[in-house]
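What the coordinates show
Single-letter residue listing:
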Amino acid sequence: MMDDIAIHALATGSALRALERSAHLIELVAKQDESLLGATLAPGQFDCAEQLRTVTIFGLRTVLPVIGRDWSLNNWDRDIAAMRGQIVDATAEIKALNESDFRGAAGKRVQHQAGEAMLDQSTEDYLVQFALPNLWFHLSMAYAILRQAGVDIGKADFDGLHYYPPGFSWT
């Protein structure tokens, strides 16, 4: 079982990292063509804008429910300026939290909705089985949409850690 400090580090660290990478992808779109925000991988799937906005939602949703706070996103606009603002606001809200805000988080249960399912999970299961996979799923989908649309992006744009020289290809 994780303790409160580990939960704080895992939840806030992951959320902040994903928000930072989402902001990077938004800037790539802004440099190229805002119409990329409407691109999808498949019919019926969220478009790129909705995937990126959902990263912001899951940034908040990864952290706030484990400390008993609401994760609502107040600005639902889908343009680049609004999405930048959403990320700035979510980042500031998460950065304002400290370890003491997570006191008792390790022993909590998180009741939440996943689609039409109502779930009741331990904090650890909530983070590991639901919140973090969803956070990274939506960032991955935004990345895949942009890559499929021809944006020159690579793994370093996704995680901010890798480096490959210009023109590198695995094939």
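Please refer to the structure higher up on the page.
Below is a short write-up of the structure.

Conventions used here
- Residues numbered from 1 in each chain as written.
- Predicted model: local features only at pLDDT ≥ 70, side-chain atom pairs only at ≥ 80, totals over all residues.
- Heavy atoms only, no water.
- Pairing = 2+ DSSP bridges.
- Helix = DSSP H or I, 4+ residues; strand = E, 2+ residues; numbered from the N terminus.
- Patch = residues over 30% accessible without salt bridge, like charges linked within 9 Å, V, L, I, M, F, W, Y side chains within 5 Å.
- Areas by Shrake-Rupley, 256 points an atom, 1.4 Å probe, with all protein chains shown as cover.
- Salt bridge = Lys/Arg side-chain N within 4 Å of Asp/Glu carboxyl O.
- Lys, Arg positive; Asp, Glu negative; His and termini not counted.
- Charge placed at Lys NZ, Arg CZ, Asp CG, Glu CD.
- Buried < 20%, exposed > 50% of the residue type's maximum accessible area, 1.4 Å probe, protein only.
- Contact = heavy atoms within 4.5 Å.

**Side note on the pairing of strand β2 (residues 117-122)**
Of the strand pairs in this sheet, strand β1 (residues 109-114) and β2 are connected by 6 bridges, and their pairing is antiparallel. Note that in β2 the partner of Gln 111 across the bridge is Asp 120. Between β1 and the antiparallel strand that follows it, β2, lie 2 residues; Gly 115 among them carries a positive phi value of about 65 degrees.

**Overview of a negative patch on the surface**
Among the surface-exposed residues, Asp 33, Glu 34, Asp 77 and Asp 79 lie close enough to one another that they form a single negatively charged patch. By the element assignment, Asp 79 lies in the loop between α2 (48-63) and α3 (80-95). Of the residues examined, Asp 79 reaches a relative accessible area of 33% and is grouped as partly exposed.

**Quick notes on the environment of Ile 145**
The topology assignment puts Ile 145 in helix α4 (residues 123-148). Each C-alpha atom, one on Ile 145 and one on Gln 51, is 9.3 Å from the other, the two residues being 94 residues apart in sequence. Leave out the neighbours within four places in its chain, and Ile 145 touches Ala 39, Thr 40, Leu 41, Phe 46, Asp 47, Cys 48 and Gln 51.

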